[in-house]
Structure formats: structure tokens, C-alpha cells
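# Overview (structure and organization)
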Amino acid sequence: MPKRYGVKEKDQVVTHIINLVMTGKLRTGDRIDRNEIAKDLGLSRVPIQEAVVQLEHDGILSTRYHRGAFVARFDEATVAEHHELYGILNGIASARAAANPTPRILAHLDATLRVMRAAKDTKSFQDACWMFRDAINEEYAGPRLLATIRAGKSFAPSEFWTSYPKAKADFLAGYEDEAKAIHARDPEGARQACIARADRMAKIMVAELTRRGVLGDLRSH
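To keep things clear, this report deals only with the structure shown in the data block. It should be emphasised that the depicted structure is a prediction, and the values quoted were computed from it without experimental measurement. (Residues numbered from 1 in each chain as written. Predicted model: local features only at pLDDT ≥ 70, side-chain atom pairs only at ≥ 80, totals over all residues. Heavy atoms only, no water.)

## Some words on unusual backbone geometry
Positioned with a positive phi, Arg 185 is a non-glycine residue whose angle comes to about 55°. Inspection of the secondary structure puts Arg 185 in the loop between helix H9 (167-183) and helix H10 (187-211). (Helix = DSSP H or I, 4+ residues; strand = E, 2+ residues; numbered from the N terminus.)

## Observations regarding the environment of Thr 102
One can find Thr 102 in the loop between helix H4 (76-99) and helix H5 (103-118). Distance in space between the C-alpha atoms of Thr 102 and Ile 182 is 9.8 Å, their sequence separation being 80 residues.

## Some thoughts on the state of the cysteines
One pass over the full model with this rule turns up 0 disulfides. Of the cysteine sulfurs around Cys 129, a residue in no disulfide, the closest is that of Cys 194, at 12 Å. Overall, the relative accessible area of 3% leaves Cys 129 in the buried class. (Disulfide = S-S within 2.5 Å. Buried < 20%, exposed > 50% of the residue type's maximum accessible area, 1.4 Å probe, protein only.)

## Some thoughts on the pairing of strand S2 (residues 68-71)
Pairing of strand S1 (residues 61-64) with S2 involves 4 bridges; the strand directions are antiparallel. Across the sheet, the residue bridging to Arg 64 is Gly 68, located in S2. Remark: 3 residues form the turn of the hairpin made by S1 and S2, two consecutive strands paired antiparallel; His 66 in that turn has positive phi of roughly 65°. (Pairing = 2+ DSSP bridges.)

## Here we look at the packing of H4 against H10
In contact at an axis separation of 7 Å, H4 and H10 are set at 155° when each is read in the N-to-C sense. Considering the angle they form, H4 stands roughly antiparallel to H10. Where H4 crosses over H10, the two elements pack in a sense that is right-handed. Residue composition of the contact of H4 with H10, by class: 16 nonpolar, 5 polar and 2 charged. (Axes fitted to C-alpha atoms, helices over the stretch in contact; angles between N-to-C directions. Parallel < 35°, antiparallel > 145°, perpendicular 65-115°, else oblique. Left-handed = near helix turned anticlockwise from the far one by under 90°. Nonpolar A, V, L, I, M, F, W, Y, C, P; charged D, E, K, R; others polar.)

## Side note on helix H1 (residues 9-22)
Its 14 residues give H1 an end-to-end C-alpha distance of 20 Å, which sits within 8% of 20 Å, the value for a rise of 1.5 Å per residue. For H1, the set of buried residues is Gln 12, Val 13, Val 14, His 16, Ile 17, Ile 18, Leu 20, Val 21 and Met 22. Those residues of H1 that are buried are in contact with helix H2 (34-41), helix H3 (45-57), S1, S2, helix H8 (158-162) and H10. A positive phi of about 85° marks Gly 24, the residue just after H1. (Expected span 1.5 Å × (residues − 1). Contact = heavy atoms within 4.5 Å.)

## Overview of helix H7 (residues 143-153)
Within H7, burial applies to Leu 145, Leu 146, Ile 149 and Gly 152. Along the axis of H7, the buried positions cluster into a sector of 120°, meaning they face one direction only. Exposed and facing more than 90 degrees away from the buried side of H7 are Pro 143 and Arg 144. As for H7, its buried residues are in contact with H4 and helix H6 (122-140). (Arc of directions from axis to C-beta.)

## A word on the pattern of salt bridges
For the structure on display, the rule yields 12 salt bridges. Of the charged contacts in the structure, one is a salt bridge between Lys 203 and Asp 199, with a shortest N-O distance of 2.7 Å. Of the two residues, Lys 203 and Asp 199 both sit in helix H10, 4 residues apart, roughly one turn of that helix. The partly exposed category is assigned to Asp 199, whose relative accessible area is 39%. Arg 211 serves as the salt-bridge partner of Glu 208, at 2.6 Å between the closest nitrogen and oxygen. Linking Glu 208 with Arg 211, this pair stays in helix H10, spanning 3 residues, or about one helical turn. (Salt bridge = Lys/Arg side-chain N within 4 Å of Asp/Glu carboxyl O.)

Remember that the coordinates give geometry; whether it matters functionally is a separate question.
In C-alpha cells, the structure reads:
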């Protein structure tokens, strides 16, 4: 696999390992083969170690002294817990936006919603979703909250959602509800819109990963 120029090497490794987990090529308890990753990506072991440190911090890998790095528990409950936290964290920033919406933020969210509504393909829709989310988080989340939210984004690579054909049908209304709550200065409504959307994302991901055979009875592995 050739290097992806313009992307940090550590981030390439993070994405590669998560894709292996999300496709079932790595499962709970599997050991990370750093030499194989280095060969597949054409990278040194330095960015691989950096990626392992990040993924351990994010709860995706666990390291054992003198034994290496292993995939942490990855099952339906893990997916649900991740999205529960992600919804709560985004809800904090969105509630802050609703408590003090600026004309600039409101205009930006409205413009982004127009892009979402006009999107003709899933990738365009998802790109607009990230613009919507990033605008709120970068304005209203402090450095600790923002770092935690960003860590959660690595759990589900963008390829998962850009390949989900019903994204617009399933999520557009939720973004509209969130924007409406922010306009109405309704922090709790904005918070609940984030939580509801994350819960929906969890159910979709669990269903799809189960269909792919990625999630299932861990005892059989």
C-alpha cells in the first residue's frame, strides 16, 4: 500500500488498524503485528508506535508489558458505549451553542443545512455533516472537550458512513432539529438531538457490523 501524501503517517496507521477491526480482520484479543503493518503501509515503526499509543488512549487497543498491543474488547456493548459518550460530548457543545448562539454560527449552520438538503450523494452529505459538527465544536468546546470529541471520531472511519446509503434519510432531520433548538436558544433540545442521533448511529453500526460478521459471539473466536 503506497504512502498517502498530505496525511500524517501516524494517522495512516490509526486508520489502517481501525479498518482492520471494522472489517473483522482483527478481532478482540488479536495481537497487532507491527512488522506486517510497516510492510503494508511502507512506513517505519515510529509512526506505528505513535498510533498504538493513541489507540490505547482511545480504548481501541491495550498493551501488555513485553507482549505487545492487542485489540481491546470490541462488541455490541462497546459500540453502544462509544456512541453514548459521543452523543453526550457533542451535546455539551451544542447546548452551549444554544445558550449563546451568535449570528455568525447561526448563518453557518443554516448554510450547511442547505448543502445537506441539496446533497446528491452520501459523501457530499457526510462532508456537510462534519462541517456542521466542527463549526459548533470548534466554537463552543474547550480544548479538553474538543480533544475528547476528536478522539472519538477515529472509532468509526469516515469510509463507514460514506458507504452507508441511507445517511441523508436517517440523519438530516436530526441535524435540522439540532439547528432549530440552537436558533430557539433551547440547550436541552440541542443536547437531546445529539444524543438521539448518536443512538441511531450506534444501532446502524451494530446492525451493519453484525451483518458483515464482524460482531458476534466472541467465544467462537
